[in-house]
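One letter stands for each residue in the lines below.
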Amino acid sequence: MKISIIGTGYVGLTTGACLAERGHAVLCVDQDREKIALLRRGKMPIFEPGLESLVKGNVRAGRLSFGTSNKDAVAHGKVIFMCVATPPRPDGSADLSAIEAVARDIAGHLKEFRLVAEKSTVPVATGSRVKDVISKYRPQHVDFEVASNPEFLREGCAIEDTMNPDRIVIGVESKRAETILREVYKPFKAPVLVTDIMSAELIKHASNAFLAMKISFANAVGQICELAGANVVEVTRGVGMDRRIGPGFLNAGIGYGGSCFPKDVAAFEAISRELGYDFSLLREVQRVNEKARDLFVKKVERELWIVKDKTIAALGLSFKANTDDIRESVAIKIIRMLVEKGAKVRAYDPQALAKARASMNTIAYCRSPYEAARGADAALVLTDWEEFRALDFGRLKKVMAHPTILDGRNLLDPGKMRELGFTYRSIGRP
Ligand SMILES: NC(=O)c1ccc[n+]([C@@H]2O[C@H](COP(=O)([O-])OP(=O)(O)OC[C@H]3O[C@@H](n4cnc5c(N)ncnc54)[C@H](O)[C@@H]3O)[C@@H](O)[C@H]2O)c1
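Residues numbered from 1 in each chain as written. Predicted model: local features only at pLDDT ≥ 70, side-chain atom pairs only at ≥ 80, totals over all residues. Heavy atoms only, no water.

Turning our eyes to something else, we now look at the overall build of the protein chain. When you go through the protein chain residue by residue, the secondary structure sums to 18 helices and 14 strands. In terms of overall size, the protein chain behaves like a compact globule, its C-alpha atoms giving a radius of gyration of 23 Å where 430 residues would be expected to give roughly 22 Å. Projected onto the principal axes, the alpha-carbon positions of the protein chain cover approximately 75 × 50 × 40 Å. A separation threshold of at least 6 residues defines the contact pool for the protein chain, and within that pool the share at least 24 residues apart is 73%. Across the protein chain, 64 positive and 53 negative side-chain charges occur, with their mean positions spaced 3 Å apart. (Helix = DSSP H or I, 4+ residues; strand = E, 2+ residues; numbered from the N terminus. Rg over C-alpha atoms; globule rule 2.2 N^0.38 Å. Contact = heavy atoms within 4.5 Å. Lys, Arg positive; Asp, Glu negative; His and termini not counted. Charge placed at Lys NZ, Arg CZ, Asp CG, Glu CD.)

So, in structure tokens, the structure goes:
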């Protein structure tokens, strides 16, 4: 089927490449000309494992192409996926201006029937707004439909998640829209859940809010463990073995970040309030999350006493492993807090150096963890990269001024670290 993607970011590019891989003819467009120029030269604007070869293979096979014109997107695809960003506004509600702009653009270029599917994460009832906008600005004789098809991929394993999703949620108003979207996903082996549009929109917000809640819950339990002298890793392992709960998203640490959880929890809270329900539980999820990073900074201060003029190695900048995405990265937030207190931070990340450098110029960027640790009074593990688990700790210790590691991700083995002669602190572990 001919499919168009408007918004070629993390979601749009991954979705486009995976749909092409499954045999569809996909046109990905974006208003960012530089991004499209890069892609046309075979260069990836983001780091995502497996993405480059998938994109290149499908471009070569003639199933995937790139453009900058929404008009071309409307002409090409029978289905048009909206994959533009929906960032937070200062009050937490979702900024839907890109969605509205794209809806107006689509309407202006409609010549024959199109199914417009929201893949961006949007508050409940956005679909009916999109429908109103397209109805208003389209040539009146042209038919169209709106659908919701929320995306659940995780950055870092986006290809695997898109190729083998847990479920495909399709929110539609008609059999026709359902049939078209079922055809799109026919080559994917995954259960398809068909709902109305608003329920599909809510499934996404509720899922992300629930996952964020699990993380905050684990962080609160981590604090209890720390106060009582228990081990949060063992506690959450025991809790997660209960099939009703499941083991995922129960790691205590410095809290969740990234472009989705913080904004989606805030947007879900905001739309609930707008609808007349005080979802105070979500505010507590946010509060516990913010507290997790404050407590970690306090831990650093407890260890170093005075942070001012101390050299601190930051291992990790991306918001999680296997991505270069630094949006709402807790690592960056913690680094900023320490810089504010006068620390000299030397940072290393396997993929996110370029993006971090472009957004923060108050720290030193290093090409290896050992270079970052040179002369450091403490090294902080801020992102859960596997690379940090496999460091040459003997070498690390040698280059540091003082062998102290504060592990914000509970990535390393406390016993082993002490054996190696490090002062080692982590979250909720004795
Ligand atoms: N990143 C994730 O892990 C993830 C997962 C699931 C859902 N989502 C949701 O998907 C949506 C997109 O997220 P993302 O991370 O891919 O964002 P992104 O910022 O990486 O990509 C959005 C793209 O849309 C483009 N764009 C904006 N306005 C446009 C317009 N009018 N016409 C054409 N292009 C336009 C931007 O230039 C950008 O390249 C968001 O709603 C997000 O919440 C993201």
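If you look at the biggest cluster of nonpolar residues, it comprises 38 residues, and the most contacted ones within it are Leu19, Phe81 and Leu181. With residues up to four places along the chain from it excluded, the contact list for Leu181 reads Val79, Phe81, Leu115, Ala147, Ile170 and Val172. Of all hydrophobic cores here, the second largest spans 34 residues; its members include Ala252, Ile312, Ile332 and Ala347. (Core = buried A, V, L, I, M, F, W, Y, C linked by side-chain atoms within 4.5 Å. Buried < 20%, exposed > 50% of the residue type's maximum accessible area, 1.4 Å probe, protein only.)

With that out of the way, let us pick up the site of the ligand. Asp30, Lys35, Thr86, Glu155 and Lys263 are the nearest of the 26 residues found near the ligand. With respect to the ligand, the side chain of Lys35 contributes an N or O atom lying 2.6 Å from an oxygen atom. Contact distances for the ligand include 2.6 Å between an oxygen atom and a side-chain N or O atom of Lys263. Classifying every residue of the shell around the ligand by side-chain character gives ten nonpolar, eight polar and eight charged. (Near = heavy atom within 4 Å. Polar contact = N/O pair within 3.5 Å; in protein donor to acceptor, adjacent residues only side chain to side chain. Nonpolar A, V, L, I, M, F, W, Y, C, P; charged D, E, K, R; others polar.)

The next subject is the environment of Gly156. Along the polypeptide, Gly156 turns up in the loop between strand 6 (144–148) and helix 7 (158–163). With a relative accessible area of 12%, Gly156 lands in the buried category. Ignoring sequence-local partners within four residues, the contact set of Gly156 consists of Glu48, Pro49, Ala321, Asn322 and Thr323.

One can read the domain layout of the protein chain as domain 1 (2–195) and domain 2 (286–425). Computed from C-alpha coordinates alone, the two centres of domain 1 and domain 2 are separated by 37 Å. At the interface, nine residues of domain 1 touch eleven residues of domain 2. Taking both partners together, domain 1 and domain 2 bury about 720 Å²; carbon and sulfur atoms supply 43% of that area. Taken as a group, Tyr10, Phe47 and Glu155 account for 74% of the area that domain 1 buries against domain 2, more than any other trio of residues on that side. Applying the counting rule to domain 1 against domain 2 returns one salt bridge. Across the pair Arg327 and Glu155 runs a salt bridge, and its minimum N-O distance is 3.6 Å. Put simply, domain 1 and domain 2 have five residue pairs in polar contact (both at pLDDT 80 or more) between them. Residues that form the side of domain 1 that touches domain 2 fall into these classes: five nonpolar, one polar and three charged. (Domains from an automatic or database assignment. Buried area = accessible area lost by both parts, 1.4 Å probe. Salt bridge = Lys/Arg side-chain N within 4 Å of Asp/Glu carboxyl O.)

Attention shifts here to the state of the cysteines. Enumeration over the complete set of coordinates arrives at zero disulfides. There is no disulfide at Cys157, and the cysteine sulfur nearest it, in Cys18, is 12 Å away. (Disulfide = S-S within 2.5 Å.)

What the rule picks out here adds up to 26 salt bridges. Note that Asp143 and Arg176 form a salt bridge whose closest N and O atoms lie 2.8 Å from each other. In this pair, Asp143 is assigned in the loop between helix 6 (126–137) and strand 6 and Arg176 in helix 8 (residues 175–184), connecting sequence segments 33 residues apart. Across the pair Asp278 and Arg283 runs a salt bridge, and its minimum N-O distance is 2.8 Å. According to the relative accessible area criterion, Asp278 is partly exposed, its value standing at 46%.

Within the element layout of this structure, Asp242 appears in the loop between helix 10 (232–240) and helix 11 (261–275). Residue Asp242 is classed as partly exposed on the basis of its relative accessible area of 22%. Remark: the alpha-carbon pair of Asp242 and Cys28, spanning 214 residues in sequence, is separated by 42 Å.

Turning next to the packing of helix 9 (residues 197–228) against helix 11. Where helix 9 contacts helix 11, the two axes come as close as 9 Å, and the packing angle between them is 120°. As helix 9 runs across helix 11, the sense of the crossing is left-handed. On helix 11, the residues that touch Leu202, Lys204, His205, Ala206, Asn208, Ala209, Leu211, Ala212 and Ile215 of helix 9 are Phe261, Asp264, Val265, Ala267, Phe268 and Ile271. Of the residues in the contact of helix 9 with helix 11, the class split is eleven nonpolar, two polar and two charged. (Axes fitted to C-alpha atoms, helices over the stretch in contact; angles between N-to-C directions. Left-handed = near helix turned anticlockwise from the far one by under 90°.)

Let's shift gears to the sheet that holds strand 9 (residues 311–315). The strand order across the open sheet built from six strands is 11-10-9-12-13-14, with neighbouring strands paired in parallel fashion. Looking at which strands have only one partner, the edges of the open sheet turn out to be strand 11 (364–365) and strand 14 (423–425). Direction of pairing for strand 10 (residues 344–348) relative to strand 11: parallel, over a ladder of two bridges. Its bridge partner being in strand 11, Ala347 is matched across the sheet by Tyr365. Across the sheet, helix 12 (residues 280–304) lies against strand 9, strand 12 (378–381), strand 13 (404–407) and strand 14, angled at about 165° from strand 13, the strand it touches most. Helix-sheet contacts for helix 13 (residues 330–340) involve strand 9, strand 10 and strand 12, and the interaxial angle to strand 10 is about 160°. (Pairing = 2+ DSSP bridges.)

We now examine the packing of aromatic side chains. Applying the stated rule across the entire model yields seven aromatic pairs. A ring pair is formed by Phe249 and Phe261, whose centres lie 6.0 Å apart and whose planes are at 50°; its orientation type is tilted. Placement of the pair is Phe249 in the loop between helix 10 and helix 11 and Phe261 in helix 11, with a sequence separation of twelve residues. Relative accessible area serves as the criterion here: at 32%, Phe249 is assigned to the partly exposed category. Ring centres 6.2 Å apart and planes at 70° place the aromatic pair Tyr348 and Phe388 in the edge-to-face group. Highlighted residues: Tyr348 in strand 10 and Phe388 in helix 16 (residues 386–389), separated in sequence by 40 residues. Taking the relative accessible area as the measure of exposure, Tyr348 reaches 8% and is therefore buried. One cation-aromatic arrangement involves Arg22 over Phe188; the distance from NZ or CZ to the ring centre is 5.4 Å. Arg167 extends its terminal NZ or CZ atom over the ring of Phe152, reaching a point 3.6 Å from the ring centre. (Phe/Tyr/Trp six-rings, centres within 6.5 Å; stacked < 30°, edge-to-face > 60°. Lys NZ or Arg CZ within 6 Å of the ring centre and 35° of its normal.)

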